[in-house]
Amino acid sequence: MSDHEPALLPPQLEPQRRLAIPSGIVAIGLAAAIAAGVFGSAHLNSSSPAHDTASAVTARGSIASIDAANSAELTRAIEALRFNAEAKRAIREEVMAGRLHLGVVTVWDWKDEDGDEVTITSAGFSQAVPLWNKPTTVIIPYRGTGAMIAITGLKDGEGGITAGISVGGQSTNLQPLYIGETVQVAIP
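Predicted model only: the values in this text are computed from it and were never measured.

### Points about the nonpolar core
- Among the nonpolar cores identified, the biggest contains 22 residues, and V118, I120, I149 and I151 are the most heavily contacted of them.
- Counting only elements with at least two residues in this core, the list comes to β5 (101-109), β6 (117-122), β8 (136-142), β9 (148-155), β10 (163-167) and β12 (181-186).
- If near-sequence neighbours (up to four positions away) are discounted, V118 is found in contact with Q127, A128, V129, L131, I151, T152, L154, I161 and A163.
- Judged by nonpolar contacts, the second largest core, of 16 residues, contains A64, L74, A80 and V95.

Next up, the structure:
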């Protein structure tokens, strides 16, 4: 595995059962996609509230992070979070205190656009995200490089939840998930 691939842990059924990922599932490095404009209009879901945060990303290690020093950009990123107002206030306070960061991940349905949905959990916060064939950009809170993002199957349209994820410029199509099954992805 190169330094540019997201680190995948074996999927697990919550809370205790672990399943092995077949050796054929590998992370595919697409760092050039991020550098070439994954935050440009060609890759953003324009109906996503995260669409307006394109100018807010800066490098923090390998994950694209929101610049907390820019008040307007931070406000747009906080508004794009899929949380209630109380959670958004708590996240803003943690970001301003330097205990949390806001980063950008992209998810999609790599097979049929059939109503699949996942929950993305990071830093103790969970967001339900419907999957479309067109990549959707999601703002996530995280504690730092090496922190984990949990992708959990929430709704299966048909034939397994076929989620793809891009973190820190690296993309992979995950093995089809069952409802309740979780895959951990390390933030590079």
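### With respect to the packing of aromatic side chains
- What the rule picks out here adds up to one aromatic pair.
- Where F83 meets F125, the ring centres are 5.5 Å apart and the plane angle is 55°; that geometry is what we call tilted. Remark: F125 occurs in strand β7 (residues 125-130) and F83 occurs in the loop between α2 (71-80) and α3 (85-96); sequence separation between them is 42 residues. The burial state of F83 is the same as that of F125; both residues are buried.

### Concerning the pattern of salt bridges
- Counting across every chain of the model gives one salt bridge.
- The closest approach of N and O atoms between E94 and R99, which form a salt bridge, is 3.0 Å.

### Considerations on the packing of α2 against α3
- The interhelical angle for the contact between α2 and α3, taken along N-to-C directions, is 140°, at an axis separation of 10 Å. Classed by the angle they form, the pair α2 and α3 counts as oblique. The handedness of the crossing between α2 and α3 is right-handed. Two secondary-structure elements touch here, α2 through L74, T75, I78 and E79 and α3 through K88, I91, R92, V95 and M96.
- Of the residues that constitute the contact of α2 with α3, the class distribution is five nonpolar, one polar and three charged.

### Thoughts on α2
- Listing the buried residues of α2 in full gives E73, L74, A77, I78 and A80. Looking straight down α2, one finds its buried side chains confined to an arc of 160°; they lie on one side. Exposed and oriented more than 90 degrees from the buried face of α2 are S71 and E79.
- In this structure, the buried side of α2 is in contact with β4 (63-66), α3, β5 and β8.
- A side-chain oxygen of the first residue of α2 lies 3.2 Å from the backbone nitrogen of A72; this N-cap is N70.

### Re the environment of A68
- Mapped onto the secondary structure, A68 falls in the loop between β4 and α2.
- Sequence separation between A68 and L100 is 32 residues, and the spatial gap between their C-alpha atoms is 10.0 Å.
- Setting aside its immediate chain neighbours within four residues, A68 contacts L74, V95 and M96.

### As for the pairing of β6
- When β6 meets β7, the two strands line up antiparallel, connected through six bridges. Across the sheet, E117 pairs through a bridge with P130, a residue of β7.
- Bridging between β6 and β9 involves five bridges; their strand directions are antiparallel. Looking at the pairing, T119 lines up with T152 of β9.

Reading the values: rules and limits
- Residues numbered from 1 in each chain as written.
- Predicted model: local features only at pLDDT ≥ 70, side-chain atom pairs only at ≥ 80, totals over all residues.
- Heavy atoms only, no water.
- Core = buried A, V, L, I, M, F, W, Y, C linked by side-chain atoms within 4.5 Å.
- Buried < 20%, exposed > 50% of the residue type's maximum accessible area, 1.4 Å probe, protein only.
- Helix = DSSP H or I, 4+ residues; strand = E, 2+ residues; numbered from the N terminus.
- Contact = heavy atoms within 4.5 Å.
- Phe/Tyr/Trp six-rings, centres within 6.5 Å; stacked < 30°, edge-to-face > 60°.
- Salt bridge = Lys/Arg side-chain N within 4 Å of Asp/Glu carboxyl O.
- Axes fitted to C-alpha atoms, helices over the stretch in contact; angles between N-to-C directions.
- Parallel < 35°, antiparallel > 145°, perpendicular 65-115°, else oblique.
- Left-handed = near helix turned anticlockwise from the far one by under 90°.
- Nonpolar A, V, L, I, M, F, W, Y, C, P; charged D, E, K, R; others polar.
- Arc of directions from axis to C-beta.
- Polar contact = N/O pair within 3.5 Å; in protein donor to acceptor, adjacent residues only side chain to side chain.
- Pairing = 2+ DSSP bridges.

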